[in-house]
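Tertiary structure, described
Here are the chains, one letter per residue:
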Amino acid sequence: MCKFAHNLNTINYHIMDNEIFDLIEKEYSRQKNGIELIASENFVSAQVMRAMGSVLTNKYAEGLPGKRFYGGCHVVDQVENIAIERLKKLYDAEWVNVQPHSGAQANMAVLSVVLNPGDTFMGLDLDHGGHLSHGSPVNSSGKLYNHISYNVNEKTGLIDYDQMEKVALEKKPKLIIGGASAYSRDWDYERMRAICDKIGALMMIDMAHPAGLIAAGLLKNPLKYAHIVTSTTHKTLRGPRGGIILLGKDFENPWGLKTPKGVTKTMSQLLDSAVFPGIQGGPLEHVIAAKAVAFGEALTPEFKAYQTQVKKNAALMAEELINKGYKILSGGTDNHSMLVDLRQNFPDITGKEVQIALEKADITANKNMVPFDSRSAFQTSGIRLGTPAITTRGIKEAEIVRIVDFIDTVIKNINNDDVIAKVKGEVNEMMSKFPLDK
């Protein structure tokens, strides 16, 4: 019997779907036995998991609390209102929407409000650490709108705000997006807002990666500077997979956008409508309940202590890698992640090869392009590492030093299966002391 069978409700099915539950068991073992270093992943708490698997998954609730298109929503209305109020408190927000199914859909909703098809907006180049939903040509953001890029400085690895301003003054984008999927430093929100104000553009920050660190007060809160903020709820925030949209202060839309009936609405009203019925149907109320639980956890002193350790672990990991001769983009990290440029001491090894070798040792990381990379996104010259998931399991500084040794040994012996197998044994032995279920 699969260990997860107890999570099923009391309905007694004639046939247990062992094919699926056996695979869930295998994934559980994979996560439990290995070292998870993917910067965008984390392990949720037991109560977040329980809320995700609750009877709330059965309820359809199109619309907002108190304004639903279905009956029987009085309970889920209370759940969603709690999520809203906790999220407002967490980031000192005036308005939030907790319904987006993902961070990408939150971004899609914002762009659908502030841009018309063909309008120009600016985001960090994908090859320099940006995100698909910030203008990639294979994403709707790059297909529907005219995307222009800003970059990191080739020498420093830091966001090139001078280049951002130069391009913005020349191209006059209606929106500038800050935020990244592979950038290890805090953002200069003040400088970005000054650039936006100079050209009359809106400023949006996608804080998906550092959201938990921001909630804990360890990084600057973008709601103090940006017109609109979006995020995921997993990653450092350690909630379920989902998205959110926030406003530090509601405002009249700057271009006098009107509804089909000619009514001018505030930005919050437009964003609510953009999420539903604009790009989504019914919200996932079981996920919203799990979001509410995660927001409640993030309001505790224990969460700040956890985020402090995430940051310490990342800083030490970057330092140890640098001491072993690896190049870390920007020279270190302010958050939970780092981008390792392999070209400095392993120019003939690709990020893909390192990812595969590390996985053989039960260390999970992801290949990642580095700025000005000569390789494709399928090969890459770098790997991205992050510390949220391992910190959730209780990993601290002593283990970080060992983990860097594991990584270094695997890369230096990338074609030696015997050495990699030995590392795997050491990884499994170490992680057996750090439970996954907390």
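Whatever comes next refers back to the structure up there.
Residues numbered from 1 in each chain as written. Predicted model: local features only at pLDDT ≥ 70, side-chain atom pairs only at ≥ 80, totals over all residues. Heavy atoms only, no water.

1. Section: the sheet that holds strand S11 (residues 327–328)
In space, the 4 strands of this open sheet follow the order S11-S12-S15-S14, with antiparallel pairing throughout. Because the sheet does not close on itself, it has two edges, and the strands there are S11 and strand S14 (366–368). The sheet contact formed by S14 and strand S15 (residues 382–386) spans 3 bridges and is antiparallel. Following the sheet pairing, Asn-366 is matched in S15 by Arg-384. Those strands touched by helix H11 (residues 301–323) are S11, strand S12 (337–341) and S15, and its axis lies near 15 degrees from that of S12. (Pairing = 2+ DSSP bridges. Helix = DSSP H or I, 4+ residues; strand = E, 2+ residues; numbered from the N terminus. Contact = heavy atoms within 4.5 Å. Axes fitted to C-alpha atoms, helices over the stretch in contact; angles between N-to-C directions.)

2. Examining H11
Between its terminal C-alpha atoms H11 stretches 33 Å, which fits the 33 Å expected from 23 residues at 1.5 Å a residue. Listed as buried for H11 are Phe-303, Tyr-306, Gln-307, Gln-309, Val-310, Asn-313, Ala-314, Leu-316, Met-317, Ala-318, Glu-320 and Leu-321. Downstream of H11 by one or two residues, Gly-325 has phi in the positive range, about 100 degrees. (Expected span 1.5 Å × (residues − 1). Buried < 20%, exposed > 50% of the residue type's maximum accessible area, 1.4 Å probe, protein only.)

3. Re the packing of aromatic side chains
Applying the stated criterion across every chain yields a total of 8 aromatic pairs. Note on Tyr-60 and Tyr-70: the rings are 5.0 Å apart at their centroids and 15 degrees apart in plane angle, and the pair reads as stacked. Of this pair, Tyr-60 sits in the loop between helix H2 (46–52) and strand S2 (63–64) while Tyr-70 sits in the loop between strand S3 (67–68) and helix H3 (74–91), placing them 10 residues apart in sequence. Overall, the relative accessible area of 45% leaves Tyr-60 in the partly exposed class. Assessed through its relative accessible area of 38%, Tyr-70 is described here as partly exposed. Centroid distance Tyr-183 to Trp-187: 5.4 Å. Interplanar angle 65 degrees. Geometry classified as edge-to-face. There is no split in this pair, since Tyr-183 and Trp-187 are both buried. Each member of the aromatic cluster is reached from another via a ring pair, and the members are Tyr-150, Tyr-183 and Trp-187. (Phe/Tyr/Trp six-rings, centres within 6.5 Å; stacked < 30°, edge-to-face > 60°.)

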